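What follows is the residue order along each chain.
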Amino acid sequence: PDGENVFGDGRGRDAPKLKFAPLRMEAAPEDSRVPRVPAPRSSSSETSAAVRLLQLVALTGSGVTVEAFAAHAATVAALHQRRGHPLCTPRRATPWSFDEARAYARSFGFATRDEYLEYRCPGAYALPRDPVATYGERWTSWADFLGLPDETPTMTQVLFVECGVGADQHGQNATKAAVRAARNAIEFNSIPSIEKIVPRGYDGMLLKLDVAAPAKYRDAIDLDAVRAVFPYGRIVDCALQDGGAVFRSGIAIEAMGDSNDEMVVVNVAVTVGY
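What counts and how
- Residues numbered from 1 in each chain as written.
- Predicted model: local features only at pLDDT ≥ 70, side-chain atom pairs only at ≥ 80, totals over all residues.
- Heavy atoms only, no water.
- Helix = DSSP H or I, 4+ residues; strand = E, 2+ residues; numbered from the N terminus.
- Contact = heavy atoms within 4.5 Å.
- Areas by Shrake-Rupley, 256 points an atom, 1.4 Å probe, with all protein chains shown as cover.
- Salt bridge = Lys/Arg side-chain N within 4 Å of Asp/Glu carboxyl O.
- Buried < 20%, exposed > 50% of the residue type's maximum accessible area, 1.4 Å probe, protein only.
- Core = buried A, V, L, I, M, F, W, Y, C linked by side-chain atoms within 4.5 Å.
- Lys, Arg positive; Asp, Glu negative; His and termini not counted.
- Polar contact = N/O pair within 3.5 Å; in protein donor to acceptor, adjacent residues only side chain to side chain.
- Expected span 1.5 Å × (residues − 1).
- Arc of directions from axis to C-beta.
- pLDDT = per-residue confidence, 0-100.
- Phe/Tyr/Trp six-rings, centres within 6.5 Å; stacked < 30°, edge-to-face > 60°.

## Considering the overall build of the chain
Link 1 in the chain: Within the chain one finds 10 helices and five strands.
Link 2 in the chain: Look at the contacts in the chain between residues 6 or more apart in sequence, and 68% of them connect residues 24 or more apart.
Link 3 in the chain: When the accessible surface of the chain is summed, it comes to about 16,400 Å², and 52% of that surface belongs to carbon and sulfur atoms.

## Here we look at the pattern of salt bridges
Opposite charge on two side chains allows them to pair when their charged atoms are near.
Link 1 in the chain: Throughout the structure, instances matching the rule amount to 15 salt bridges.
Link 2 in the chain: Note that Asp144 is salt-bridged to Arg102, the shortest N-O span being 2.8 Å. Of this pair, Asp144 sits in helix H6 (residues 142-146) while Arg102 is found in helix H3 (residues 98-107), placing the two residues 42 residues apart along the sequence.
Link 3 in the chain: Classification of Asp144 by relative accessible area gives partly exposed; the value is 22%.
Link 4 in the chain: Looking at Arg102, the relative accessible area reads 19%, which means it is buried.
Link 5 in the chain: Arg113 serves as the salt-bridge partner of Asp114, at 3.5 Å between the closest nitrogen and oxygen.
Link 6 in the chain: We classify Asp114 as partly exposed; its relative accessible area is 46%.

## Looking at the nonpolar core
Link 1 in the chain: Judged by nonpolar contacts, the single largest core of 25 residues is most densely connected at Val211, Ile221, Val226, Phe230, Val266, Val268 and Val270.
Link 2 in the chain: At the level of elements, helix H7 (174-186), strand S2 (206-213), helix H10 (223-227) and strand S5 (262-273) are the ones that each hand at least two residues to this core.
Link 3 in the chain: Per element, the largest residue contribution to this core is six residues, and it comes from H7.
Link 4 in the chain: Phe98, Tyr116, Leu127 and Trp142 belong to the second largest nonpolar core, which has 13 residues in total.

## Examining the side chain of Asp258
Link 1 in the chain: Inspection of the secondary structure puts Asp258 in the loop between strand S4 (245-248) and S5.
Link 2 in the chain: Despite its burial, Asp258 remains without a salt bridge, the nearest opposite charge being carried by Lys176 at 9.4 Å.
Link 3 in the chain: At a separation of 2.6 Å, a polar atom in the side chain of Asp258 contacts the side chain of His170.
Link 4 in the chain: Of the polar contacts made by the side chain of Asp258, one reaches the backbone nitrogen of Gly171; its length is 2.6 Å.
Link 5 in the chain: Setting aside its immediate chain neighbours within four residues, Asp258 contacts Gln169, His170, Gly171, Gln172, Ile251, Ala252 and Ile253.

## Points about unusual backbone geometry
Link 1 in the chain: Despite not being glycine, Gln172 has its phi angle at roughly 55°, a positive value.
Link 2 in the chain: Phi angles above zero are rare outside glycine, and Arg200 is one such case at about 70°.
Link 3 in the chain: Here Arg200 is to be found in the loop between helix H8 (194-197) and S2.

## Some points on H7
Link 1 in the chain: Here H7 is 13 residues long and its end C-alpha atoms lie 19 Å apart, about the 18 Å a rise of 1.5 Å per residue gives.
Link 2 in the chain: Buried within H7 are the following residues: Ala174, Thr175, Ala177, Ala178, Ala181, Ala182 and Ala185. Down the axis of H7, the buried side of the element spans an arc of 160°, and every buried residue falls inside it.
Link 3 in the chain: Taking the backbone nitrogen of Thr175 as reference, a side-chain oxygen 3.1 Å away marks Asn173 as the first, capping residue of H7.

## A short note on the confidence of the model for the chain
Link 1 in the chain: Averaged over the chain, the pLDDT score is 76; the fraction of residues at 70 or greater is 63%.
Link 2 in the chain: Scored below 50 in pLDDT, residues 1-21 makes 35 contacts in the model with residues more than four places away or belonging to other chains.
Link 3 in the chain: Counting interchain partners and residues more than four positions distant, the pLDDT-below-50 stretch residues 32-47 has 31 contacts.

## Comments concerning the packing of aromatic side chains
Link 1 in the chain: This structure, assessed with the given rule, holds 15 aromatic pairs.
Link 2 in the chain: Between Phe98 and Trp139, the ring centres sit 6.3 Å apart and the planes meet at 85°, which makes this aromatic pair edge-to-face. Pair noted here: Phe98 is in helix H3 and Trp139 is in the loop between helix H5 (131-135) and H6, with a separation of 41 residues, a long-range link.
Link 3 in the chain: For Trp139, a relative accessible area of 15% gives the class buried.
Link 4 in the chain: On the basis of an interplanar angle of 85° and a centroid distance of 5.6 Å, the ring pair of Phe110 and Tyr116 is categorised as edge-to-face. In this structure, Phe110 and Tyr116 share a single accessibility class: buried.
Link 5 in the chain: Taken together, the ring pairs connect Trp96, Phe98, Tyr104, Phe108, Phe110, Tyr116, Tyr119, Tyr135, Trp139, Trp142 and Phe145 into an aromatic cluster.

## Considerations on the environment of Asn189
Link 1 in the chain: Checked against the element boundaries, Asn189 lands in the loop between H7 and H8.
Link 2 in the chain: What makes Asn189 partly exposed here is its relative accessible area of 40%.
Link 3 in the chain: Separated by 27 residues in sequence, Asn189 and Glu162 have C-alpha atoms that sit 8.7 Å apart.
Link 4 in the chain: One polar contact links Asn189 to Glu162, side chain to side chain, over a distance of 2.7 Å.

What follows is the structure, encoded as structure tokens:
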């Protein structure tokens with residue numbers, strides 16, 4: 001209809017108002033008429049302008065030449081292209097893979113996560129509204145997904161330092177000792193005022209880990225396992241150094257994984273700040 005917002009998706013205040021001349025209904029040979037199509041089941045705002053235009057043609061109940069329809073559809077397509085929106089691509093049968101979604105998201109040049117969340121991509125090209133939940137374990141980070149520089153924040157204010165010790169008496173597993181040391185450092189502390197002390201609360205809290213282990217066992221420590229001990233706070237550094245101790249347990253038990261009677265002791269210092 002003359003003057004109608006052809007987007008029809010709730011963006012009437014923002015979208016340009018197009019003034020189309022009414023479609024001219026004229027007799028045409030049977031083989032050149034646009035076939036009637038039923039109205040789609042969904043009235044989703046993602047329905048493309050071209051499909052809406054096709055609906056309009058079908059609902060008239062009259063024959064419309066292919067040329068007349070094509071001229072109007074081309075006008076709508078040109079408008080979408082100027083706005084940077086793809087048009088008239090069949091809806092995908094399956095969701096984007098992570099790699100596809102990441103490549104397409106990067107092509108928009110979003111500067112922040114909030115810009116991505118505010119954007120509405122139409123129709124078949126709709127990206128997941130919550131890619132973190134959509135891709136689960138495949139998810140990396142917003143910086144990687146949007147192609148942003150992943151700058152590690154600097155701790156400028158230290159609030160407190162916690163220390164812990166852990167040991168593995170049998171099996172000579174330095175990672176197990178380091179995990180126990182990290183847990184020992186934080187398990188007996190409660191800081192209920194973090195939300196008031198740290199800007200942005202737990203989201204703004206930064207952690208620095210120093211792991212001291214005997215040189216003989218240091219390189220065997222899985223630092224990812226140590227990092228996993230901390231339920232919140234961003235770890236900006238996790239450093240290994242010589243330290244800890246090796247004691248004799250007095251007995252080697254093969255069934256418990258012992259290759260000797262050494263007991264591995266590891267220390268962990270946790271610096272908390274923002």
